[in-house]
Amino acid sequence: MDQALWFTSRATGLVSLLLLTSTVVLGAVHSGRASSDAWPRFALHAVHRNIALLTVAFVGVHVSTAIIDPYAGIAWLDAVVPFGSGYHPFWLGLGAVALDLLVAVVVTSMVRGRIGLRAWRAVHLATYALWPVAVAHGFGIGGSDSGLGWVLAFDAACVLAVGVAVARRLFVRDPDREARRPAEQVHR
């Protein structure tokens, strides 16, 4: 059973990274106001939201199996309080930081109508910190798995995808976004 928990934790960690990467890429594309006839903005938003929810589920399984597995001796508190674990405190601490940021984004998304768009957006931008922290956590705590060729290629593909999406978000100006800019500046 111990190996099953270990394999499940590793596998769900990698799937969580893929899903989190997809969520960040879709969020960057959606916030850049990109759309097409095949993918209108509402469809991008729905896919972004649903993949984000799937990410939360996989992260939940990843964290739970890591804690239940007796090998590392990770406590439930170690999953949410950064840098206090006896097992790889720095790398596990990064995972706790990423989990805390993920919970903050989920909770504020659930109460978005009550906290206002500006507060929600400020917390939601934390995903741009959450994602690299999660990548570093996986790379550092992954042990010998992190050095496998396919894992390195997987990590590189995730980094490339987010890099391209964020660069597009920062440097490509969609006509709709430019038209809204003066109106957004008035409301600040």
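One can find the structure itself at the top, above this paragraph.
Residue numbers here run from 1 along each chain, matching the order of that chain's written sequence. Since the coordinates come from a predicted model, pLDDT governs what is reported: local features require at least 70, and pairs of side-chain atoms require 80 or more to be given and counted, while whole-chain, interface and lining totals use all residues. Neither water nor hydrogens contribute to the side-chain values; these are computed over all heavy atoms in the structure.

Draft legend 1. The arrangement of the pattern of salt bridges in detail. By convention in these notes, a salt bridge is any Lys or Arg side-chain nitrogen within 4 Å of a carboxyl oxygen on Asp or Glu. Within the structure shown, the criterion is met by one salt bridge. Across the pair R10 and D145 runs a salt bridge, and its minimum N-O distance is 3.6 Å. Taken as a pair, R10 in helix α1 (residues 2-31) and D145 in the loop between α6 (127-141) and α7 (149-171) lie far apart in primary sequence, 135 residues in all. Relative accessibility thresholds used throughout: buried, under 20% of the residue-type maximum; exposed, over 50%; partly exposed, between the two (1.4 Å probe, protein chains only). Owing to a relative accessible area of 21%, D145 belongs among the partly exposed residues under this scheme. Only DSSP runs of H or I reaching four residues or more are called helices, and only runs of E reaching two or more are called strands; each is numbered from the N terminus.

Draft legend 2. Structural view of unusual backbone geometry. Positive phi values are uncommon outside glycine, yet F83 reaches one of about 65°. Looking at the element boundaries, F83 is found in the loop between α2 (41-68) and α3 (89-110). Overall, F83 belongs to the partly exposed group, its relative accessible area being 44%. For H88, which is not glycine, the phi dihedral falls at a positive 40°. On the secondary structure map, H88 appears in the loop between α2 and α3.

Draft legend 3. Spatial organisation of the layout of surface pockets. In this structure, the second largest pocket spans a volume of roughly 900 Å³. For the lining of the second largest pocket, the secondary-structure elements that each account for two or more residues are α1, α2, α3, α6 and α7. The greatest single-element share of the lining of the second largest pocket, amounting to 10 residues, is contributed by α1. Points on a 1 Å grid, built from protein atoms alone, make a cavity when a 1.4 Å probe fits but cannot get out and make a pocket when they are open with protein on both sides within 12 Å along at least 5 of 7 lines; residues with an atom within 4 Å of a point are the lining residues. Grid points are joined across faces, edges and corners, and a volume is the space filled by probe spheres set on the points.

Draft legend 4. Expanded view of α3. To estimate the expected span of a helix, subtract one from its residue number and multiply by 1.5 Å. With 22 residues, α3 extends 31 Å from end C-alpha to end C-alpha; this agrees with the ideal 32 Å at 1.5 Å per step. For α3, the complete set of buried residues consists of L92, G93, L94, G95, A96, A98, L99, L102, V105 and T108. Contact between two residues is taken to exist if any of their heavy atoms lie within 4.5 Å; hydrogens are not considered. Considering only its buried residues, α3 is in contact with α2, α4 (112-115), α5 (117-124) and α6.

Draft legend 5. Spatial organisation of the nonpolar core. Residue types Ala, Val, Leu, Ile, Met, Phe, Trp, Tyr and Cys, when buried and joined through side-chain atoms within 4.5 Å, form a set referred to as a nonpolar core. Core analysis: the biggest nonpolar cluster contains 23 residues, and L17, V63 and W131 have the highest contact counts within it. When residues of this core are traced back to their parent elements, those giving at least two are α1, α2, α3, α6 and α7. At six residues, α6 tops the list of elements feeding residues into this core. With sequence-adjacent residues up to four places away left out, V63 is seen in contact with A79 and L99. If you look at the next biggest cluster of nonpolar residues, it comprises five residues, including L19, L26, V29 and I51.

Draft legend 6. Seen up close, the packing of α6 against α7. At a minimum axis distance of 12 Å, the contact between α6 and α7 shows a crossing angle of 170°. With respect to α7, the element α6 is oriented roughly antiparallel. In this structure, α6 crosses over α7, and the sense of that crossing is left-handed. Together, Y128, W131 and F139 of α6 and L152, D155, C158, V159, V162, V166 and R169 of α7 make up the contact between the two elements. Looking at the contact of α6 with α7, its residues break down into eight nonpolar, no polar and two charged. Axis angles are defined between N-to-C directions and span 0 to 180 degrees, where every axis is a line fitted to C-alpha atoms and, for a helix, only to the segment in contact. Oblique is the label for every angle not falling under 35 degrees (roughly parallel), over 145 degrees (roughly antiparallel), or within 65 to 115 degrees (roughly perpendicular). By convention, the crossing between two helices is left-handed when the near helix turns anticlockwise from the far helix through less than a right angle, and right-handed when the turn is clockwise. Classification convention: Asp, Glu, Lys, Arg as charged; Ala, Val, Leu, Ile, Met, Phe, Trp, Tyr, Cys, Pro as nonpolar; all other residues, Gly among them, as polar.

Draft legend 7. Main features of the packing of aromatic side chains. Aromatic rings from Phe, Tyr and Trp, with only the six-membered ring used for Trp, were paired whenever their centres fell within 6.5 Å, and each pair was classed as stacked if the ring planes differed by under 30 degrees, edge-to-face if by over 60, and tilted otherwise. A complete count under the given rule lists four aromatic pairs for this structure. When the ring of W6 is compared with that of F7, the centres are 4.8 Å apart and the planes differ by 75°; the resulting orientation is edge-to-face. The exposure class of W6 is partly exposed, given its relative accessible area of 28%. When the ring of Y71 is compared with that of Y87, the centres are 6.5 Å apart and the planes differ by 80°; the resulting orientation is edge-to-face. Of this pair, Y71 sits in the loop between α2 and α3 while Y87 is found in the loop between α2 and α3, placing the two residues 16 residues apart along the sequence.

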